[in-house]
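Structural description and commentary
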Amino acid sequence: MSLFEKKISELHELLHKKEMKVSELVDASFSRISEVDDKVKAFLTLNEEGAREQAKYLDSKMGTDEMRGLLFGLPIGVKDNISTKGLRTTCGSQLLANFEPVFDATVVEQLKKAETVTVGKLNMDEFAMGSSNENSGFFQTRNPWNTDYVPGGSSGGSAAAVAAGEVFFSLGSDTGGSIRQPAAYCGVVGLKPTYGRVSRFGLVAFASSLDQIGPITNSVEDNAFLFQAISGYDKMDSTSANVENQDYTAALTGDIKGLKIAVPKEYIGEGVDEDVKNRIMDALKVLEGLGAEWEEVSLPHSKYGVATYYLLASSEASSNLARFDGVRYGVRTENADNLLGLYNHTRSEGFGNEVKRRIMLGTFALSSGFYDAYYKKAQKVRTLIKNDFDEVFEKYDVILGPTAPTTAFKIGAKTDDPLTMYANDILTIPVNLAGVPAISVPCGLSNGLPVGLQIIGKAFDESTIYRVAHSYEQATDHHQNKPQL
Amino acid sequence: MARITQEEVKHVAKLARLAVTEEEAEMFTNQLDAIIGYAEQLKELDTDGVEPTTHVLDMKNVLREDEVKPWLTREEALKNTPDTQNGLIKVPAVLE
C-alpha cells in the first residue's frame, strides 16, 4: 500500500511512533506532485519553501507535548479561492494572477492551529463558475482515472489532487455542487456542509447565500477528522451559524439499523445514466443489508433547481465580482486612458467568457423591469425547493441518490453549450438552495470511471450523513479503488 | 421573439463594466437568450403568496461593539495595488 492510501489515523500513528518525520511526509507529497502533476495539472501554485520550513519546525515538536491533534504534520492542498496569507490566491482567474492575500481565511487559520502543512493551491474553474475545470484561466486539470476526461468542477484540482495521491486531503468550496461533483468524478469523498457551519471569512465570494467550504478526502473517517477541524462558529463571518459543533467522529458507529432513507424519484429518473442508476440501486441493497429501510419519495420542484440557481447565483456573483476593477488589487489593464476605461478593460481582459456571461445574466436579472420576473421569482421558487426538503425530512433521516447524472465526460464535450454544462449539476444544486448538508462517496465504477453516491442530511445533521456514509464504506471496498497514473 | 436583444446585452455589459466587441455581443446575446429562455420555465409555477428566500438561516442583523482594533497596516493594504503614489491608490484622472 502506498503512503498516500494511508488513513489519517495511520499516518498519525507513524508520526507518533517516530517512524516517520513530518519533513519526510512533506517530501513524499512533493515527489508525488513532481511525478504525476504534469499529467493531472491539479496545482496552480506550490508552497515548497514554506511547507519545508514548516515541516522542519514541526519535526522539532515531535515527541513533545506540543505534538497535538490528529492532523499534525499532514500535507494538505487548498482550493485557490481560499485566502492564504502570502501565498498566491488566483481564484483560477487571470485577473488575480498576481494576487497575494494579506490575511488567512478562517479555515486556513484553523488548519494552521491543527498544524497541517499547506503544500499548494489547487486549480479551479474561474471564480468557481464551472463543472469541469475547463473554465480555469490557467490550464485544464485532468481526471486521474483517465486524463482525457474532466475532473469535474469547480473544485476539480482539489478532488484530482487527492485522487492522484498528491496530498492526503484538500479543501474545496461548493456553491452548486463544486465539492460533491468533482469528488464523484474523481472517486473520492467530498462534503458540502450545512450553510453556516463553516466560516466563509476569506473565501472569495461567488454566491454568498450558497457558498460553503468543505473537506475532500480518501475516506469518510478522514473527512470527519478534517471537518471537525474547520467547522464551527466564527465571528468574522456574519452568516456563520452560532450552533454547537458536534463530535463527528463519534458518529462513525457503523450502526444504521432502522435508518429511514428517502430516494427521490427525480434523482433516479429521466436523464440519469442507466449504469449510474444501477450503482445507486446496488448501494441501496447494501444499506438495506445493514438494517436501513428505503422508500421512493418526490422532490417535485427538483427540475426547477438549475434555472433557479443560475438566476440567483449569477445575480449574487454580478454584485460580488464588482470589486474586481483593477483599482486596489489584481492585474490592471494597460489599455485605459480614463477611469471608466480602466474598469471596463481590466474586467474584459481579466475575466473569461463564463464569468462574463454570468455577470451579465445576473446584472440583467437584477435590472429594473426584470427584477420581479427573474430574481424575485427565483427566490420564491427557492422557497418551494427548500419546502420539498423540509417535508421529506419530517419522515426520513437522509435523502439518497446519485451525485451527478453521469460519470465524468470527455474534455471539450460540453464546452459549446453552457446549458448542457449547467444540467450536469441538476442533482447537487437543490441541496445548496435548501442550505442542507450532503456528501458524495464512491459507489463503484462505470466504464472505468467512478460513480458518486450522494447522501443528503437535515440542516446541521452532518453526523447522520457521516454515520450512513461510514457504514456504507465499511461494507464495501469501492473507496479502495485507485486510479493508475 | 428574442428574450434579450443585442442592444440590451450591450446595455447590460455597460452596467457591469465590461467592454464587449460586436462579435462578443452577438455571441453573448445568443447564449443569454437561450439561458433566459430556459429560466422562463419558472413561470409555470404559481408562486402567489410564496415568501421569497434570500437566505436559508433564520438570522437577524449581527451586531458588535464599534471598537478600534488593529487590522491591516497601510503597507499591507497596498501590497497588491497596481499603482500607488505617496501611500495612496493611483488611478487615471477622473476629471479633465
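Residues numbered from 1 in each chain as written. Chains lettered and ligands numbered in written order. Predicted model: local features only at pLDDT ≥ 70, side-chain atom pairs only at ≥ 80, totals over all residues. Heavy atoms only, no water.

**Observations concerning the overall build of chain A**
In terms of helices and strands, chain A carries 15 helices and 11 strands. In summary, chain A has a C-alpha radius of gyration of 21 Å against a globular reference of 23 Å for 485 residues, a match within 12%. Once the C-alpha set of chain A is aligned to its principal axes, its extents read approximately 65 × 55 × 45 Å. Scored against the burial criterion, the 485 residues of chain A give a buried share of 66%. (Helix = DSSP H or I, 4+ residues; strand = E, 2+ residues; numbered from the N terminus. Rg over C-alpha atoms; globule rule 2.2 N^0.38 Å. Buried < 20%, exposed > 50% of the residue type's maximum accessible area, 1.4 Å probe, protein only.)

**Observations concerning the side chain of Ser178 of chain A**
All names here are of chain A. Following the sequence through the fold, Ser178 ends up in the loop between β4 (169-174) and α6 (180-186). Judged by relative accessible area, Ser178 falls into the buried class, the value being 6%. With residues up to four places along the chain from it excluded, the contact list for Ser178 reads Lys79, Ala128, Gly130, Gly153, Ser154, Ser155 and Ser173. (Contact = heavy atoms within 4.5 Å.)

**Details of the environment of Leu32 of chain B**
With respect to the helices and strands, Leu32 of chain B occurs in helix α2 (residues 22-39). Along the sequence, Leu32 of chain B and Val50 of chain B sit 18 residues apart, while their C-alpha atoms lie 27 Å from each other. Filtering out sequence-adjacent residues up to four positions away, Leu32 of chain B remains in contact with Arg357, Met360 and Leu361 of chain A together with Ile4 and Val9 of chain B.

**Some remarks on the pattern of salt bridges**
Residue and element names in this part refer to chain A. According to the stated counting rule, one finds 22 salt bridges over all chains in the structure shown. Notably, a salt bridge pairs Arg180 with Asp174, separated by 2.9 Å at the nearest N-O pair. For Asp174, a relative accessible area of 0% gives the class buried. Note that Glu354 is salt-bridged to Arg358, the shortest N-O span being 2.7 Å. Note that Glu354 and Arg358 are positioned in helix α11 (residues 353-366) at a spacing of 4 residues, about one turn of the helix. The buried category is assigned to Glu354, whose relative accessible area is 8%. Each of Asp27, Glu48 and Arg52 takes part in a single network of salt bridges with overlapping partners. (Salt bridge = Lys/Arg side-chain N within 4 Å of Asp/Glu carboxyl O.)

**Looking at the nonpolar core**
All names here are of chain A. Residues Phe127, Phe389 and Ile455 are the most contacted members of the largest nonpolar core, which totals 167 residues. The element contributing the most residues to this core is helix α12 (residues 371-395), with 9 residues. Contacts of Phe127, omitting those with residues within four sequence positions, involve Cys91, Ser93, Leu96, Val204, Phe206, Leu321, Phe324, Phe351 and Val355. (Core = buried A, V, L, I, M, F, W, Y, C linked by side-chain atoms within 4.5 Å.)

**Some points on the interface of chain B and chain A**
Residue-level contacts link 52 residues of chain B with 68 residues of chain A. Carbon and sulfur atoms make up 69% of the area that chain B and chain A hide from each other, which totals about 5,300 Å². Between Glu44 of chain B and Lys303 of chain A there is a salt bridge whose closest N-O contact spans 3.8 Å. Taken together, the connections running from chain B to chain A amount to 16 residue pairs in polar contact (both at pLDDT 80 or more). Of all the secondary-structure elements, those providing two or more residues to the side of chain B that touches chain A are α1 (6-15) and α2 of chain B. In terms of residues, the side of chain B that touches chain A owes the most to one element, α2 of chain B, which gives 10 residues. For the side of chain B that touches chain A, the class distribution of residues is 32 nonpolar, 8 polar and 12 charged. (Buried area = accessible area lost by both parts, 1.4 Å probe. Polar contact = N/O pair within 3.5 Å; in protein donor to acceptor, adjacent residues only side chain to side chain. Nonpolar A, V, L, I, M, F, W, Y, C, P; charged D, E, K, R; others polar.)

**Some words on helix α7 (residues 220-230) of chain A**
All names here are of chain A. The element α7 is largely enclosed, with a buried count of 9 among its 11 residues. Buried residues of α7: Val220, Glu221, Asp222, Asn223, Ala224, Phe225, Leu226, Phe227 and Ile230, and no others. Count one or two residues on from α7 and you reach Gly232, which has phi positive near 125°.

**Considerations on the packing of helix α9 (residues 305-320) of chain A against α12 of chain A**
Residue and element names in this part refer to chain A. Contact geometry for α9 and α12: axes closest at 9 Å, N-to-C directions at 125°. Here α9 is positioned oblique relative to α12, judged by the angle of their axes. Relative to α12, the crossing made by α9 is left-handed. On the side of α9, the interface is formed by Gly305, Thr308, Leu311, Leu312 and Ser315, while α12 contributes Tyr374, Tyr375, Ala378, Gln379, Val381, Arg382 and Ile385. Per-class residue counts for the contact of α9 with α12 are 7 nonpolar, 4 polar and 1 charged. (Axes fitted to C-alpha atoms, helices over the stretch in contact; angles between N-to-C directions. Parallel < 35°, antiparallel > 145°, perpendicular 65-115°, else oblique. Left-handed = near helix turned anticlockwise from the far one by under 90°.)

**Looking at the sheet that holds strand β7 (residues 260-264) of chain A**
Residues and elements named next belong to chain A. Ordered by their spatial adjacency, 11 strands build an open sheet running β1-β3-β2-β4-β6-β5-β10-β11-β9-β7-β8, and the pairing between neighbours is mixed. At either end of the open sheet lies a strand with only one pairing partner, and these are β1 (43-46) and β8 (293-297). When the angles between neighbouring strand axes are averaged without regard to direction, this sheet yields 30°. Packing of helix α2 (residues 22-40) onto the sheet brings it into contact with β1, β2 (75-79) and β3 (117-122), and relative to β3 it is tilted by some 20°. Sitting on the sheet, helix α15 (residues 462-475) touches β5 (189-192), β6 (212-217), β9 (398-402), β10 (438-446) and β11 (449-457), and the angle it makes with β10 is about 20°. (Pairing = 2+ DSSP bridges.)

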